[in-house]
Amino acid sequence: MPIITSTMLRYDAKTCTVWFTDSPRCPAPEPGSLRRTLAGFALAGLAARALELAVATRRHPVR
């Protein structure tokens, strides 16, 4: 197994990415992809909470 040295790595300051010199360069993330990802996590959290509340009220109906 080869030891990774600084000469084997490249750094792009514009996109803050690091890659191996022998591997193809990865494309930069699309603008707004972080915003979409965070919105997806928030939506998933809200959906889980709504499902939790629905199950809780179904088990213990209010009298």
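See the structure shown above.
This is a predicted model, so every value here is computed, not measured. (Residues numbered from 1 in each chain as written. Predicted model: local features only at pLDDT ≥ 70, side-chain atom pairs only at ≥ 80, totals over all residues. Heavy atoms only, no water.)

Trainee: Explain the overall build of the chain here, please?
Mentor: Looking only at helices and strands, one finds 1 helix and 2 strands in the chain. N-terminal to C-terminal, the α/β element order of the chain is β-β-α. Of the roughly 6200 Å² of accessible surface on the chain, 66% is carried by carbon and sulfur atoms. (Helix = DSSP H or I, 4+ residues; strand = E, 2+ residues; numbered from the N terminus. Areas by Shrake-Rupley, 256 points an atom, 1.4 Å probe, with all protein chains shown as cover.)

Trainee: How do you make sense of the pattern of salt bridges when you look at a structure like this?
Mentor: Pairing between side chains of opposite charge can happen when the charged atoms of each approach one another. Tallied over the full model, the rule gives 1 salt bridge. Measuring nitrogen to oxygen at the nearest pair gives 3.1 Å for the salt bridge that ties Glu-52 to Arg-49. Of this pair, Glu-52 and Arg-49 are both found in helix 1 (residues 33-59), 3 residues apart, which corresponds to roughly one turn of the helix. Assessed through its relative accessible area of 47%, Glu-52 is described here as partly exposed. (Salt bridge = Lys/Arg side-chain N within 4 Å of Asp/Glu carboxyl O. Buried < 20%, exposed > 50% of the residue type's maximum accessible area, 1.4 Å probe, protein only.)

Trainee: Looking at this model, I keep getting lost on the pairing of strand 2 (residues 17-20). Mind explaining?
Mentor: Relative to strand 2, strand 1 (residues 9-12) runs antiparallel, the two being bridged by 4 bridges. By the bridge assignment, Tyr-11 is partnered in strand 2 with Val-18. In textbook terms, the turn of a hairpin is the stretch between consecutive antiparallel strands, and for strand 1 and strand 2 this stretch comprises 4 residues, one of which, Cys-16, has a positive phi near 55 degrees. (Pairing = 2+ DSSP bridges.)

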